[in-house]
Amino acid sequence: MSVHPRVVTDDFPATLAFYTALLGEPEKVVAEFDYAGFDAQGETVLALLGRRAAEAVLPVGRGDGGVLVVVPVPDVDAVVAALPTGTVLAEPADRPGWGVRSAYLRDPEGNVVEVQSWLPR
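Residues numbered from 1 in each chain as written. Predicted model: local features only at pLDDT ≥ 70, side-chain atom pairs only at ≥ 80, totals over all residues. Heavy atoms only, no water.

Here's the deal with the sheet that holds strand β4 (residues 43-50)
Move 1: Sheet architecture is open: four strands sit in the order β1-β4-β3-β2, paired in mixed fashion. In the strand order of this sheet, the two ends are held by β1 (6-9) and β2 (28-30), each with one partner. Sheet twist, expressed as the mean angle between neighbouring strand axes with direction ignored, is 10°.
Move 2: Sheet topology places β1 next to β4; four bridges connect them, and they run parallel. When the bridges of β4 are listed, R6 appears paired with A47. (Pairing = 2+ DSSP bridges. Helix = DSSP H or I, 4+ residues; strand = E, 2+ residues; numbered from the N terminus. Axes fitted to C-alpha atoms, helices over the stretch in contact; angles between N-to-C directions.)

Examining the nonpolar core
Move 1: The biggest cluster of nonpolar side chains holds 21 residues, and the ones touching the most others in it are Y19, L22, L48, L105, V113 and V115.
Move 2: For this core, the secondary structure elements donating two or more residues are α1 (12-23), β3 (35-40), β4, β5 (68-72), α3 (76-82), β7 (100-106) and β8 (112-118).
Move 3: By residue number, the principal contributor to this core is α1, which donates five residues.
Move 4: Not counting residues within four places of it along the chain, the set of residues in contact with L48 comprises V7, F12, T15, L16, Y19, D34, Y35, A36 and F38.
Move 5: V30, Y35, A47 and A54 belong to the second-largest nonpolar core, a separate cluster that totals six residues. (Core = buried A, V, L, I, M, F, W, Y, C linked by side-chain atoms within 4.5 Å. Buried < 20%, exposed > 50% of the residue type's maximum accessible area, 1.4 Å probe, protein only. Contact = heavy atoms within 4.5 Å.)

Following this line, the structure appears as structure tokens:
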């Protein structure tokens with residue numbers, strides 16, 4: 001069983017474009033529900049869901065940055081350079097104590113996203 005975050009979104013196309021830039025094409029998209037699932041080794045690692053579909057089954061609040069999604073990437077600097085202006089909260093930096101290079105971003109729904117790659121040992 002995999003545990004993964006689900007981002008509820010008011011602007012599904014923008015949020016899908018943001019995460020597609022980070023993760024590549026999703027494995028599953030269900031247009032009727034504004035749903036997309038990004039998988040790794042056959043397990044969902046991140047799902048996006050349109051607010052209308054989410055509110056049909058549960059009350060949901062707009063993202064306020066209280067959610068942190070960690071996304072491993074091969075090259076933090078390249079990912080940050082490819083994102084729209086205004087998305088970067090903290091520029092790429094080495095964090096030797098953690099063994100990673102990371103940057104912090106804000107997705108279109110206001111959630112905080114950390115992109116990271118391992119530092120060479």
